[in-house]
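Breakdown of the fold
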Amino acid sequence: MSRTHRIAVVPGDGIGKETVPEGLRVLDAAARRFGFDLKLDHYDWSCETYQKTGRMMPEDGLEQLAQSDSIFLGAVGWPGVPDHISLWGLLIPIRRSFDQYISLRPCKLMPGTKSPLANRGPADIDFYVVRENTEGEYSSSGGRMFPGTEREFVTQDSVFTRHGVDRVLKYAFELAQTRPRKKVTSATKSNGITFTMPYWDERFAEMAKNYPGITTDQFHIDILCAHFVQHPDWFDVVVGSNLFGDILSDLGPAVAGSIGIAPSANINPEKKHPSMFEPVHGSAPDIAGKHICNPIGQIWSGAMMLEHLGEKEAADAILRAIEKLLAEGGPRTRDLGGQAGTADVGRALAEAVANGA
Ligand code: ATP
Ligand code: MG
């Protein structure tokens, strides 16, 4: 009996409709070669759906998704539909109800591509940003008093629970253990934020005791951002709270190079609920419909999905195919200085995976 993974496919908006089919093409090639089955459920939920029905997804949307092992997402968002609708109508409910408490972004400069940092090559930029994805500064708790008066004041609470902090720290240390350099860097700001951040630091030091083989360091978020730019080679696994992780998980892929290549994952590590895999980029309305967008971020996200599903060999093969294509001058889209269309890149990668990359 071959292994079967059930995947909810949500292309979403804009170039998501172009990148997801290429992602599926490569996943299909990997499934054939490595002997597993993908059972796909397609959902055409998007801002277009919202404009027609007043909802981003049907009322029982989450229950439908809950049937799957993983969610493969393109991009969500479109001009004219406010962010709070597209975010809070689809992405945030998925992250929260499936307890995807890890947001994971590899920041890796690929051979044959350029970092915006001068004189940096693939050996200098290869780290992960691990972001806490469920609590911290993005709690929905707070309030406004005396609105519109001189006495007006507004608060928003930061919520750091031992459970929430420990589980993201543990994930970061476990990830570092699989890496050659075995190092975890913590993002903090305990000189300015005097309750939650010292607590974060305390739990970090406590967790580190369980991992004697792992090197650790920590930086305040401001100087850490500077180090990302000036010393990206210092980092291996970088862990941060919801807000600090959010900042770093945009900065990290940016220093690593092209937005069209970067992948991301929202993970429930215990696999009690489906995890979600999507490229870092958005729906790119400026190039949508032209079939010129880069599908590599989507395809790499597919590789992360396979790794999460236990298909490590297949995931590695996809990664090797991407590296080889970029290093050896295979077809490239315009954002990487080439002339190829989206499907040319998808086909080349699918072929490489099928033929033993
Ligand atoms: P969002 O808020 O949804 O993240 P955004 O407008 O901030 O959207 P993107 O949609 O990622 O950001 O687009 C930013 C820029 O990068 C645009 O000019 C877009 O064309 C370009 N871009 C994004 N993704 C790709 C891709 N896969 N291939 C080529 N160019 C891309
Ligand atoms: Mg954006």
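The protein is annotated in an unreviewed UniProt entry as D-malate dehydrogenase [decarboxylating] of Pseudoroseomonas ludipueritiae. Its UniProt record gives the protein a comment under Sequence similarities (unreviewed entry), which states: "Belongs to the isocitrate and isopropylmalate dehydrogenases family." Taken directly from UniProt, the Function (unreviewed entry) text for the protein runs: "Has multiple catalytic activities. Apart from catalyzing the oxidation of (+)-tartrate to oxaloglycolate, also converts meso-tartrate to D-glycerate and catalyzes the oxidative decarboxylation of D-malate to pyruvate."

The next point concerns the confidence of the model for the protein. For the protein, per-residue confidence averages 96 on the pLDDT scale, and 100% of positions sit at 70 or higher. Interface scoring of the predicted complex returns ipTM 0.94; its pTM is 0.95.

All right, on to the site of ligand 1 then. Neighbouring ligand 1 are 16 residues; Gly 260, His 281, Gly 282, Ala 284 and Asn 294 lie closest to it. The class makeup of the residues in the shell around ligand 1 is six nonpolar, eight polar and two charged.

Our next topic: the UniProt feature "domain: Isopropylmalate dehydrogenase-like" (unreviewed entry) in the protein. UniProt records the feature "domain: Isopropylmalate dehydrogenase-like" (unreviewed entry) at residues 6–349, using the numbering of this structure. Helix makes up 40% of residues 6–349 and strand 20%, and the two end C-alpha atoms of the span are 22 Å apart.

If you check the backbone angles, Asp 99 has positive phi at about 45° while not being a glycine. Classification of Asp 99 by C-beta neighbours within 10 Å gives partly exposed; the count is 17. Notably, Ala 284 is not glycine yet its phi reads approximately 45°, a positive angle. Among the structural elements, Ala 284 can be located in the loop between strand S12 (275–279) and helix H9 (296–308).

Bringing the sheet that holds strand S2 (residues 36–42) into the picture now. Read from one edge to the other, the open sheet built from 10 strands follows the order S2-S1-S3-S12-S11-S4-S5-S10-S8-S9, with strand pairing classed as mixed. Each having just a single partner strand, S2 and strand S9 (215–220) make up the two edges of the open sheet. Strand-to-strand twist in this sheet, taken as the mean axis angle between neighbours without regard to direction, amounts to 25°. Helix-sheet contacts for helix H1 (residues 16–34) involve strand S1 (3–12), S2, strand S3 (70–75) and S12, and the interaxial angle to S3 is about 145°.

Cut-offs applied
- All residue numbers refer to position in the chain's written sequence, counted from 1.
- Naming scheme: in the order in which they are written, chains are lettered from A and ligands are numbered from 1.
- At least 70 in pLDDT is required for a residue's local features to be given in this predicted model, at least 80 for side-chain atom pairs to be given and counted, and no such filter applies to totals for whole chains, interfaces and linings, which use all residues.
- UniProt positions are given in the numbering used here, feature names are shortened, and annotations may be inferred rather than shown by experiment.
- You can read pLDDT as the predictor saying how much it trusts each residue, on a scale of 0 to 100.
- Being near a molecule or strand means, for a residue, that its C-beta atom, positioned from the backbone, comes within 6 Å of it.
- We call Asp, Glu, Lys and Arg charged. Ala, Val, Leu, Ile, Met, Phe, Trp, Tyr, Cys and Pro are nonpolar, and the rest, Gly among them, are polar.
- Here a helix means four or more residues in a row that DSSP labels H or I, a strand means two or more in a row labelled E, and each is numbered from the N terminus.
- A residue is called partly exposed when the number of other C-beta atoms within 10 Å of its own lies between 12 and 20, exposed at 12 or fewer, and buried at 20 or more, with C-beta atoms placed from the backbone.
- At least two bridges found by DSSP between two strands is the condition for calling them paired.
- Between N-to-C directions, angles cover 0 to 180 degrees, with each direction set by a line fitted to C-alpha atoms, over the stretch in contact for helices.
- Placing C-beta atoms from the backbone, we regard two residues as in contact once those atoms come within 7 Å.

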